[in-house]
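Each chain, written out:
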Amino acid sequence: VRKIGVLTSGGDAPGMNAAIRGVVRSALSEGLEVCGIYDGFLGLHQNRIERLNRTSVSDVINRGGTFLGSARFPEFADEKVREQAIQNLKMHGIDALVVIGGDGSFMGAKKLTEMGYPCIGLPGTIDNDVAGTDYTIGYMTAMNTVIDAIDRLRDTSSSHQRISIVEVMGRHCGDLTLMASIAGGCEYIITPEIGLDKDKLLAKVKEGIYKGKKHAIIAITELMTDANELAKFIETETGRETRATILGHIQRGGQPGAFDRILASRMGAYAVDLLQQGEGGRCVGIQNDKMVHHDIVDAIENMKRPFRDDLYEVAEKLF
Ligand code: ATP
């Protein structure tokens, strides 16, 4: 491998810039050339590719978002579109590609690999929903953002004896909701893995009111139900004012925290190591604080992320 490409794809996450920097700087230190591809697979298809040097990634380690840009580009599922992408990579003399993104982006990387083009996937998403890694880049920073929001809601909820519902991102993964709830001291946690039982939730909220709780914070993962409708239901049944707060894209932004900057830097450097060793079609992870890599096809198709029942049990005891 002499020249590598790097792109960010799917939902952006704090620490993506640090990951790009990790790839660029470690590749240059190994004597490789690097090209940045703008706006993910969309820019790859449109041939928006540019050489990156040391200073291209100056002053980005502390910045949220991704300076390369990201995009949703469902057309990449089409083989003809991917053929064009590979042609563009070859035209620039790029021998291998590092894809920073979530499981959807890994699917794109996997398909390129299956077409004979070597890719390495780095897990960059706030959802922490990628198999083969304990943590994804962006997750810890987003968790701190969620905790900050919960803290603020707690202040105002207890002043008004109000019930608050907080909708947290994560798609089909409840990690962000669960961990932020433990750290934020939420009373009720609803994630896709646990499921939503409205009557059970209501009974618990009523129990809290009976115990004399001044506030109730209910954390729920997005896409499970309409949070505003759930608030109406709780308000009607308890007689207590109930409001839903949908955190939304706030969770994606902001300066990456220490954990994500270090994780992203390590993963970026590790991706370059793997390419140097002739590895392609791998996805990088961190397990027990060690860098690991798995077959990207295997990770997408066969590996599941286990839900942390042990942590849910802890949370249940603390409410
Ligand atoms: P996040 O979960 O944080 O939103 P993600 O990477 O999972 O990130 P997606 O929108 O699912 O986000 O995927 C990003 C991009 O990866 C898609 O817009 C598309 O270009 C590509 N992609 C997704 N699925 C496929 C597929 N089956 N085949 C080829 N490319 C795909």
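Residues numbered from 1 in each chain as written. Predicted model: local features only at pLDDT ≥ 70, side-chain atom pairs only at ≥ 80, totals over all residues. Heavy atoms only, no water.

Observations concerning helix H5 (residues 139-160)
Let me state the cut-off plainly: Going along the chain from the N terminus, every DSSP run of H or I of four or more residues is numbered as a helix, and every run of E of two or more is numbered as a strand. Helix span, expected: 1.5 Å multiplied by one less than the number of residues in the helix. For the exposure calls, accessible area comes from a 1.4 Å probe over protein chains only, and a residue counts as buried if that area is under 20% of its type's maximum, exposed if over 50%, partly exposed in between.
In this model, H5 (22 residues) spans 31 Å end to end at C-alpha, consistent with the 32 Å of a helix rising 1.5 Å per residue. For H5, every residue scored as buried is listed here: Tyr139, Thr141, Ala142, Met143, Val146, Ile147, Ala149, Ile150, Leu153 and Ser157. Remark: glutamine 161 follows H5 within two positions and exhibits a positive phi of approximately 50°.

With respect to the packing of helix H7 (residues 198-211) against helix H8 (residues 227-238)
Short version of the rule: Simply put, an axis is a line fit to the C-alpha atoms, just over the touching stretch for a helix, and the angle between two N-to-C directions goes from 0 to 180 degrees. By the definition adopted for this analysis, an angle is roughly parallel if under 35 degrees, roughly antiparallel if over 145, roughly perpendicular if from 65 to 115, and oblique otherwise. Here a crossing is called left-handed whenever its near helix is offset anticlockwise from the far helix by less than a right angle, and right-handed whenever the offset is clockwise. Contact between two residues is taken to exist if any of their heavy atoms lie within 4.5 Å; hydrogens are not considered. Under the scheme applied here, ten amino acids are nonpolar (Ala, Val, Leu, Ile, Met, Phe, Trp, Tyr, Cys and Pro), four are charged (Asp, Glu, Lys and Arg), and all others, including Gly, are polar.
As a packed pair, H7 and H8 sit with axes 11 Å apart at the nearest point and diverge in direction by 50°. One finds that H7 runs oblique with respect to H8. The chirality of how H7 crosses H8 is right-handed. Here Lys198, Asp199, Leu201, Leu202, Val205, Lys206 and Ile209 of H7 come into contact with H8, specifically with Leu230, Phe233, Ile234, Glu237 and Thr238. Residues that form the contact of H7 with H8 fall into these classes: seven nonpolar, one polar and four charged.

Let's talk about the site of the ligand
To keep it simple, the criterion reads: For this description, a residue counts as near a given molecule or strand if any of its non-hydrogen atoms is within 4 Å of it. The term polar contact refers here to a pair of N or O atoms within 3.5 Å; inside protein, the definition further demands a hydrogen-donor-capable atom paired with an acceptor-capable atom, and it admits residues adjacent in sequence only when both atoms are side-chain atoms. Every accessible area reported is derived by Shrake-Rupley at a probe size of 1.4 Å, with residue values counting cover from the shown protein chains alone.
Looking at the ligand, there are 19 residues lining it, with Arg72, Phe73, Gly104, Ser105 and Arg171 nearest. The side chain of serine 105 places a nitrogen or oxygen atom 2.5 Å from an oxygen atom of the ligand. The contact in question runs from an oxygen atom of the ligand to an N or O atom on the side chain of arginine 171, over 2.6 Å. Across the complex, the protein chains shield 87% of the 620 Å² of accessible surface that the ligand would expose by itself.

Some details on the nonpolar core
The cut-off we apply is this: Here the nonpolar core consists of buried residues drawn from Ala, Val, Leu, Ile, Met, Phe, Trp, Tyr and Cys, with membership extended through side-chain atoms lying within 4.5 Å.
Counting 52 residues, the largest nonpolar core has Val6 and Leu122 as the members making the most contacts within it. Sequence-distant contacts of leucine 122, defined by excluding residues within four places in its chain, comprise Ala19, Val23, Val98, Val99, Ile100, Gly101, Phe106, Met267, Gly268, Ala271 and Val284. Counting residues in hydrophobic clusters, the runner-up holds 24 residues, among them Leu44, Ile86, Tyr117 and Val130.

Quick word on the pattern of salt bridges
Counted only if it meets this: By salt bridge we mean one thing: a side-chain nitrogen of Lys or Arg within 4 Å of a carboxyl oxygen of Asp or Glu.
Under the definition given, this model contains 17 salt bridges. Note that lysine 110 and glutamate 114 form a salt bridge whose closest N and O atoms lie 3.8 Å from each other. Of the two residues, lysine 110 and glutamate 114 are both situated in helix H4 (residues 103-114); the distance of four residues between them amounts to about one turn of the helix. Two residues, glutamate 235 and arginine 243, come together in a salt bridge whose shortest N-O distance is 3.6 Å. In this structure glutamate 235 comes out as partly exposed when scored by relative accessible area, which is 30%. Through salt bridges that share partners, Arg162, Glu235, Glu241 and Arg243 make up one connected network.

Taken by themselves, the reported measurements are silent on function.
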